[in-house]
Structures are given as C-alpha cells and as structure tokens.
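If you want the building blocks of each chain, they are given just below.
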Amino acid sequence: MHILLINPNATVSMTEQAARSALQVVLPTTRLAVATGQGAPQSIEGFTDEAMSVPGMLAQIRSAEAQGAQATVIVCFDDPGLDAAREVAAGPVIGICQAGIQAAMILAKRFSIITTLPRSVPAIEELVQRYGAHRHCRKVRCINLPVLELEADMGNAYDLLLSEICRARDEDGAEAVVLGCAGMSELAPALFEATGVVVIDGVIVGVKIAEALLGAGLRTSKINAYDFPRQKIESGRRGGPVTNDVQTAREVGN
C-alpha cells in the first residue's frame, strides 16, 4: 500500500510529528509518503487559512497519485478541501476530523472534542453536524492555545489538554475525547494513560482507515458527486460562453 500523508499548512515540523505518529501504527508493507503545504499559511486557524491551503493541496494530491499514491490522509482537523480532494483523487481520501468522529461513535456513546482556539469551535461544530454526530458529541472545547504554540511548549499543551479532558469527562459526561488538532497527535497515549478516558487521535485513525479501505479493494466513487472535475473549454470569442465539457463544445460548433 502507498499512502500520502499531507499536512495542508506550511509548517514542516507539524508534518514530521504527524508522520511519527502514523509510522507507529502502519503495516510493514505500507509505504508512507509525506507532504507539507505549498504556498499555504503556517497554520490553519480559520476559514481564510483553510481556503488558502486548498489549491496547493489539490495539486500535491494529483502529483502524488501520478507517482503511485493509492490513498490520502489530510492531517488538519478542519478537513480543508475534503470534498474537492475526493473529486481529484482516484483513491480514498480521509479527513482526520471525520475519521476521529466516526471512531468516537464506534467506541463510545458520548464524546467531546478538544481543539486549540475558540475561533475553531464553530467550524468544528459544523463538521460534527455534517458527519451526523450531533447527538453524540456533547461539546467542542478548546484550550485557547494557537496551533504553533502546541509545539513550542508541549509540556504546557499537555497540561492544558489534561485539564480539559477531565472537565469533558466530569462536566460533559464524555466517555471518549477526540483531539481536535493534528499538532496534538503525539500526546494522545500519555493523556489516555493519565485520565483513563479514551483519547482518539485522528491522524492514527485516519491512516488505519486508509489501510482498511485499500485492503478491501475500495476506491472513491466516481458516479456523480465525486466524479473527476469536468473539463471546461472556452469559446474562441473573447467574452464568449464557457462550455461545460468537450462534448458540449462540439455540440455548439467550437
């Protein structure tokens, strides 16, 4: 199996951390390629950062598949450009938010998510709704720490997460917690050991889902919604109509 692990932001150290977590669990036969966002923000903290990261990521996914990648894991908890990535890719594309949420729904009846900044909470709440988990997710919490500061002081990040996990358990009735940032990945085992709460890291779960789908011989459906993007061909006249595909262009005589 050949899996692409892509970090949509431009911080190489975050890519390396996600890769270290993934390498702990991949099968010996799995080849893991890693990529860091090009022309992207240093971190993704909001809708603008997310939008800016997507074009480069899509180009990298296309390139990786041309070089043999069979599946892709997007290691950002906002799942930026996930639908678009599934259009351009032939193989399965996994977002770590969706992976973490679906794992939580299997492993526990009630769970909470802990992310970085307050501004990330509404976006993740929308993803919870989208993935059909709103009846199971008790709360989206945050530790009020910017993404890049997670790596700057991992000890502080651990203490903040430890405290918030305990609150999620005691106040939310959460039976599991999903870590809401790829930069938290390496802290998951220690947090589970310290709290006894099931702590889910979407990076690890995402990679294992990718392996499972490839092992089952499954690919992204190309019927309707996730079909490859249609070619658009402009007419020869300046300001003329834009056709939807090659066949339509022929039909109108271009």
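One can find the structure itself at the top, above this paragraph.
Now for a description of the structure that goes with this document. Note that the coordinates shown come from a computational prediction; the quantities given were computed from them, not determined experimentally.

To continue, consider the layout of surface pockets. When its volume is computed, the largest pocket comes out at roughly 170 Å³. Looking at the largest pocket, the residues that line it are His2, Leu4, Arg31, Ala33, Val34, Ala35, Gln60, Ser63, Ala64, Gln67 and Ala69. Of all the elements in the fold, those that place two or more residues in the lining of the largest pocket are β1 (2–7), β2 (31–36) and α2 (47–66). Considering every element that reaches the lining of the largest pocket, the biggest residue donor is β2, with 4 residues. Considering only residue class, the lining of the largest pocket consists of 6 nonpolar, 4 polar and 1 charged.

Per the stated rule, a full pass over the model turns up 1 cavity of 30 Å³ or more. If you add up the space inside the largest cavity, you get close to 160 Å³. Lining the largest cavity we find 18 residues, and of these Ile44, Cys76, Phe77, Val147 and Cys181 sit closest to its centre. Looking at the lining of the largest cavity, its residues break down into 10 nonpolar, 7 polar and 1 charged.

What follows deals with a nonpolar patch on the surface. Together, Ile106, Leu107, Phe192 and Val198 make up a nonpolar patch on the protein surface, roughly 410 Å² of accessible area in all. Looking at the element boundaries, leucine 107 is found in helix α4 (residues 96–107). In this structure leucine 107 comes out as exposed when scored by relative accessible area, which is 56%.

Summarising the element assignment, threonine 30 is placed in the loop between α1 (12–23) and β2. The contact partners of threonine 30, leaving out residues within four places of it in the chain, are Met1, Ile3 and Glu211.

Our next topic: the packing of helix α7 (residues 154–172) against helix α8 (residues 188–195). Two numbers describe how α7 lies on α8: the axes approach to 10 Å, and their chain directions differ by 50°. As far as their axial angle goes, α8 and α7 are oblique. At the point where α7 passes α8, the crossing takes the right-handed sense. Mapping the contact onto sequence places Tyr158, Leu161, Leu162, Ile165, Cys166 and Arg169 in α7 and Ala190, Leu191, Ala194 and Thr195 in α8. Within the contact of α7 with α8, the residues separate by chemical class into 8 nonpolar, 1 polar and 1 charged.

Moving on, we get to the nonpolar core. Counting 52 residues, the largest nonpolar core has Leu5, Val73, Phe111 and Ile113 as its most contacted members. Among the elements that make up this core, the one with the highest residue count is α4 (6 residues). Once residues within four sequence positions are removed from consideration, leucine 5 is found in contact with Ala18, Ala19, Ala22, Leu32, Ala33, Val34, Ala35, Val73, Val75 and Val207. Among the nonpolar cores identified, the runner-up in size contains 20 residues, and Leu150, Ala168, Met184 and Ala188 belong to it.

Moving on, we get to α4. If you check α4, its first and last C-alpha atoms are 16 Å apart, about what 12 residues at 1.5 Å a residue would give, namely 16 Å. Buried residues of α4: Ile96, Cys97, Gln98, Ala99, Gly100, Ile101, Ala103 and Ala104, and no others.

Spatial ordering of the open sheet is given by β2-β1-β3-β4, a layout of 4 strands whose pairing is parallel. The open sheet has two free edges, formed respectively by β2 and β4 (93–95), since each of these has just one partner strand. In this sheet, neighbouring strand axes are inclined to one another by 20° on average, regardless of whether the strands run parallel or antiparallel. As paired elements, β1 and strand β3 (residues 71–74) share 4 bridges and run parallel to each other. Paired with isoleucine 3 across the strands is alanine 71, a residue of β3. Where α2 meets the sheet, its contacts fall on β1, β2 and β3, and the angle it forms with β1 comes to roughly 165°.

Mapping tyrosine 158 onto the fold places it in helix α7. When its relative accessible area of 22% is taken as the criterion, tyrosine 158 is described as partly exposed. Through-space distance from the C-alpha of tyrosine 158 to that of methionine 184 is 8.5 Å; in sequence the pair is 26 residues apart.

Cut-offs used in this document
Residues numbered from 1 in each chain as written. Predicted model: local features only at pLDDT ≥ 70, side-chain atom pairs only at ≥ 80, totals over all residues. Heavy atoms only, no water. 1 Å grid on protein atoms, 1.4 Å probe; cavity = no way out; pocket = protein on both sides within 12 Å on 5 of 7 lines; lining within 4 Å. Points joined across faces, edges and corners; volume = space filled by probe spheres on them. Helix = DSSP H or I, 4+ residues; strand = E, 2+ residues; numbered from the N terminus. Nonpolar A, V, L, I, M, F, W, Y, C, P; charged D, E, K, R; others polar. Patch = residues over 30% accessible without salt bridge, like charges linked within 9 Å, V, L, I, M, F, W, Y side chains within 5 Å. Areas by Shrake-Rupley, 256 points an atom, 1.4 Å probe, with all protein chains shown as cover. Salt bridge = Lys/Arg side-chain N within 4 Å of Asp/Glu carboxyl O. Buried < 20%, exposed > 50% of the residue type's maximum accessible area, 1.4 Å probe, protein only. Contact = heavy atoms within 4.5 Å. Axes fitted to C-alpha atoms, helices over the stretch in contact; angles between N-to-C directions. Parallel < 35°, antiparallel > 145°, perpendicular 65-115°, else oblique. Left-handed = near helix turned anticlockwise from the far one by under 90°. Core = buried A, V, L, I, M, F, W, Y, C linked by side-chain atoms within 4.5 Å. Expected span 1.5 Å × (residues − 1). Pairing = 2+ DSSP bridges.

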